[in-house]
Structures are given as C-alpha cells and as structure tokens.
Amino acid sequence: MIYLLAAIGALTIAVLLWRAFGPEHVGVSSRATVPPDDDPEFLRKLGEQKPPKSDED
C-alpha cells in the first residue's frame, strides 16, 4: 500500500513539474503570435514594397 501511495505522489509531482517547466514554456515569447493582416510591422513593410501609383491610370 505504501508503494502505491509513493507512486501516486511521485506521479503527481512529475505532472506538476511538467506543467511548470514543460516544453510549451521553453522559448515562448511574451508576445502572442499576430496574424500578418493585424501585424503593423508586416503592413508597414508591405507598404514600403508596393510600387508607387501613377496618376496616368
């Protein structure tokens, strides 16, 4: 019975440590991913790459 309780305790600790330091927290930036159509930096670069409009049209 003591081995069962020890296994459950070890499993609980392992799960808590996994949730605290697991792979989803490694290298995660503090900024959420922004889609390109909402990203001001992307839109600015897109506007810089667009050729100027001619008034002849």
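Bear in mind that the values here come from a model prediction, so they are computed numbers and not experimental data.

What counts, and where the lines are drawn
- Residues numbered from 1 in each chain as written.
- Predicted model: local features only at pLDDT ≥ 70, side-chain atom pairs only at ≥ 80, totals over all residues.
- Heavy atoms only, no water.
- Helix = DSSP H or I, 4+ residues; strand = E, 2+ residues; numbered from the N terminus.
- Buried < 20%, exposed > 50% of the residue type's maximum accessible area, 1.4 Å probe, protein only.
- Areas by Shrake-Rupley, 256 points an atom, 1.4 Å probe, with all protein chains shown as cover.
- Salt bridge = Lys/Arg side-chain N within 4 Å of Asp/Glu carboxyl O.
- Patch = residues over 30% accessible without salt bridge, like charges linked within 9 Å, V, L, I, M, F, W, Y side chains within 5 Å.

Draft legend 1. Seen up close, the overall build of the chain. The helix and strand inventory of the chain stands at two helices and zero strands. A burial count over the chain gives 4% of its 57 residues as buried. Element-wise, carbon and sulfur atoms account for 65% of the exposed surface of the chain, whose accessible area totals about 5,700 Å².

Draft legend 2. Spotlight on the pattern of salt bridges. Overall, the coordinates contain two salt bridges when judged by the stated rule. In this structure, the salt-bridge partner of Arg44 is Glu41, at a minimum N-O distance of 2.4 Å. Of this pair, Arg44 and Glu41 both sit in helix H2 (residues 40-49), three residues apart, roughly one helical turn. The exposure class assigned to Glu41 is partly exposed, which follows from its relative accessible area of 37%.

Draft legend 3. A nonpolar patch on the surface, seen in detail. Taken together, the side chains of Met1, Ile2, Tyr3, Leu4, Leu5 and Ile8 define a hydrophobic patch exposed on the protein surface, amounting to about 760 Å² of accessible area. Inspection of the secondary structure puts Ile2 in helix H1 (residues 2-21).

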